[in-house]
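A look at the structure
Below are the chains, spelled out letter by letter.
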Amino acid sequence: MHASELLDQPDREAVSVPIPDPVTMKTRRRRASLPVVTAAISVVALLSGSALFLSGYSMGRQSAVEPGTPGDEGMAFQPFWDTYHTIEDRYAGGPVDRQAVVQGAIKGMIDSLDDPYSAYLTPDQYQSNLQGISGQFEGIGAEIATQASDGTQGCATLGPTCRLVIISPIGGSPAEKAGLRPGDLVLATDGVPVDGLTVDDARERMRGPKDTTVELSIKRGDTGPFRLKIVRDVIEEQEVESRALVNGRVGYLHLEGFSDRAASDFAGEVKAHVEAGRRMLIVDLRGNPGGYVTAARTVASQFIGSGPIFFEEDANGADVETDAIPGGAATDPSIRVVVLIDRGSASASEIVAAALHDAGRATLIGQRSFGKGTVQQWQELAGAGGAFRLTIAKWLTPDKHWIHNIGIEPDVAVDVPGSLGPGEDPVLARALDVIGAGERFPLGGP
């Protein structure tokens, strides 16, 4: 599997973009004036944008390309070139911006796929997505996705049958402080409806410089729409939280994302818990939209010593198996593990949850996960500028199940009330009970 592949996640209104090892991807350009530089960015996350739908990208090295239209495809592309040259030669409405025409053509090709996880970004949008490379971005700090009227995730264009939904506000973000909640529908930004936009377009509206304000029109449950003003800020992502619970007996690890750095930090924290003698571990993936495939493999390999973590099925139907990395700190089967999931757990989170479940290494507790089972890859476009993201594979669980638009059902389902008191967490309480710690023990450090 390519080192740069990730799990495309749901979109955040800004993207965090770590860069793993480069890979070479074979691409083709139609004309010498429009070279394609492969920026292999395979993602397994929700959509794109908030770095929720695409939270990480990996850049590949430049690859050889074939100029021009292949001879056997000449007739198929003739209408395209006829249109392009007619515009260039005969359009009388004003000067023709050649780059804008080319960008529009690329966008039209990607949009024609009607795939919410494939998209074209202009140079400005692409650079904006890459701004989070340091783990920081400016925005409201919310993970977003699209939801069809039948409740399935991942429709393409926002409208009456495709709504923009908040998956989860990032902890401590302006979105969380302002009261934005998972499941809220965003109807408009600054008074302008989001209908007709893609999730990337909507994300661009929600992002912006620190100390500026965006007003969202929110629909929550059966109540009428209301307005929520949120002051943007610099969002710093802390991807790994680790602490001891139940008087030091239980190790708790909350993973916010799947960057390579987060995977390395997570592995170190698992090792620290095991070395401290803790034989019960809770891995909290709630609200985690995904990230790098390599990071998912590293995280799952802390608990699985050998065998498949997931499979990847390409456009030709060929399967590639990705196995566990030997040497994980908690592969001893006597170490009990539970994994917490909810509808905000997507992509890489689902890879890890499914791998541990199918290997018999963990009990899944909480709510059904998001259901993101495809892999995307970025390709950067020189000449025309910008980049496009394309779905290039499906990922399957070790038991060869495709969870796309279905999600993963927990072994132990826990209903979570709409409002909780301070310190209340029924999912964590149930996990402590299932893992054998018992709810009678106090939470907190030793």
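Residues numbered from 1 in each chain as written. Predicted model: local features only at pLDDT ≥ 70, side-chain atom pairs only at ≥ 80, totals over all residues. Heavy atoms only, no water.

**A few points about the overall build of the protein chain**
Tallying secondary structure elements over the protein chain gives 9 helices and 23 strands in all. Per-residue burial for the protein chain yields a buried fraction of 53% across its 446 residues. Pairs at least 24 residues apart make up 73% of the contacts formed inside the protein chain by residues separated by at least 6 positions. (Helix = DSSP H or I, 4+ residues; strand = E, 2+ residues; numbered from the N terminus. Buried < 20%, exposed > 50% of the residue type's maximum accessible area, 1.4 Å probe, protein only. Contact = heavy atoms within 4.5 Å.)

**Observations concerning the packing of helix H6 (residues 260-275) against helix H7 (residues 293-300)**
At a minimum axis separation of 8 Å, H6 and H7 run at an interaxial angle of 5°. With respect to H7, the axis of H6 lies roughly parallel. Contacts between H6 and H7 involve Asp260, Ala263 and Phe266 on the former and, on the latter, Thr294, Ala295, Thr298 and Val299. Of the residues belonging to the contact of H6 with H7, the class tally is 4 nonpolar, 2 polar and 1 charged. (Axes fitted to C-alpha atoms, helices over the stretch in contact; angles between N-to-C directions. Parallel < 35°, antiparallel > 145°, perpendicular 65-115°, else oblique. Nonpolar A, V, L, I, M, F, W, Y, C, P; charged D, E, K, R; others polar.)

**Topic: the state of the cysteines**
Within the structure shown, the criterion is met by 1 disulfide. Covalently, Cys155 is tied to Cys162 through a disulfide, its sulfur atoms 2.1 Å apart. Handedness here is read from the sign of the S-S torsion; for Cys155 and Cys162, about 90°, the answer is right-handed. Judged on exposure class, the residue Cys155 and its partner Cys162 are both buried. (Disulfide = S-S within 2.5 Å.)

**As for the nonpolar core**
Phe258, Phe303, Val339 and Leu356 are the most contacted members of the largest nonpolar core, which totals 41 residues. Those elements that place two or more of their residues in this core are strand E14 (250-255), H6, strand E15 (280-284), H7, strand E17 (308-314), strand E19 (336-341), helix H8 (348-358) and strand E22 (387-396). Apart from the residues within four sequence positions on either side, Phe258 is in contact with Glu239, Leu285, Asn288, Gly290, Gly291, Tyr292, Ala295, Ala296, Val299, Ala348, Ser349 and Val352. Residues Ile144, Val199, Ala202 and Met206 belong to the second largest nonpolar core, which totals 22 residues. (Core = buried A, V, L, I, M, F, W, Y, C linked by side-chain atoms within 4.5 Å.)

**Some points on the confidence of the model for the protein chain**
Summing up the model confidence of the protein chain, the mean pLDDT is 82 and the portion of residues at 70 or higher is 80%. In the predicted structure, residues 1-42 sits below a pLDDT of 50 and forms 271 contacts with residues beyond four places in sequence or in another chain. Across residues 439-446, confidence stays below pLDDT 50; counting only partners more than four residues off in sequence or on other chains, it has 19 contacts. (pLDDT = per-residue confidence, 0-100.)

**A look at the pattern of salt bridges**
A complete count under the given rule lists 16 salt bridges for this structure. The salt bridge partner of Glu215 is Arg227, with a shortest N-O separation of 3.8 Å. In this pair, Glu215 sits in strand E10 (residues 213-219) while Arg227 sits in strand E11 (residues 226-231), placing the two residues 12 residues apart along the sequence. The class for Glu215 is buried, based on a relative accessible area of 17%. The class for Arg227 is exposed, based on a relative accessible area of 65%. A salt bridge links Arg430 to Asp433; the shortest N-O distance between them is 2.8 Å. Separated by 3 residues within a single helix, Arg430 and Asp433 lie in helix H9 (residues 426-435), roughly one turn from each other. In this structure Arg430 comes out as partly exposed when scored by relative accessible area, which is 33%. Exposure remark for Asp433: the relative accessible area of 35% places this residue in the partly exposed category. Sharing partners across several salt bridges, the network here consists of Asp200, Arg203, Glu204, Arg207 and Arg389. (Salt bridge = Lys/Arg side-chain N within 4 Å of Asp/Glu carboxyl O.)

**As for the side chain of His254**
By secondary structure assignment, the location of His254 is in strand E14. The exposure class assigned to His254 is buried, which follows from its relative accessible area of 14%. Those residues in contact with His254, other than ones at most four positions away along the chain, are Glu239, Val240, Glu241, Asp284 and Arg286.

**Looking at the packing of aromatic side chains**
Within the structure shown, the criterion is met by 3 aromatic pairs. Plain terms: the ring middles of Trp81 and Tyr84 are 6.0 Å apart, the flat faces sit at 85° to each other, and that makes the pair edge-to-face. Remark: Tyr84 and Trp81 occur in helix H1 (residues 74-90); sequence separation between them is 3 residues, near one turn of the helix. With respect to burial, Trp81 and Tyr84 carry one shared label: buried. The structure contains a cluster of three or more aromatic residues connected by ring pairs, namely Phe80, Trp81 and Tyr84. (Phe/Tyr/Trp six-rings, centres within 6.5 Å; stacked < 30°, edge-to-face > 60°.)

**A short note on the layout of surface pockets**
Empty space within the largest pocket amounts to approximately 1,400 Å³. As for the largest pocket, its lining consists of 37 residues, of which Pro182, Arg286, Asp342, Val416 and Leu420 are closest to the centre. When its residues are assigned to classes, the lining of the largest pocket shows 13 nonpolar, 11 polar and 13 charged. (1 Å grid on protein atoms, 1.4 Å probe; cavity = no way out; pocket = protein on both sides within 12 Å on 5 of 7 lines; lining within 4 Å. Points joined across faces, edges and corners; volume = space filled by probe spheres on them.)

**Things to note about the pairing of E11**
Two strands pair when backbone bridges link them, and E10 and E11 are joined in this way by 6 bridges, in the antiparallel orientation. If you follow Ser217 over to E11, its bridge partner there is Arg227. Connecting E10 to the antiparallel partner E11 that follows it, the hairpin turn spans 6 residues, and Gly221 within it adopts a positive phi of roughly 60°. (Pairing = 2+ DSSP bridges.)

**Describing the sheet that holds strand E13 (residues 240-245)**
Taken together, 6 strands build an open sheet; the order of strands is E13-E14-E15-E19-E20-E23 and the sheet is mixed. The open sheet is flanked by E13 and strand E23 (412-413), the only strands paired with a single partner. Inspection of the sheet shows strand E20 (residues 363-366) paired to E23 by 2 bridges, in the parallel sense. Among the inter-strand pairings, Ile365 is bridged to a residue of E23, identified as Val412.

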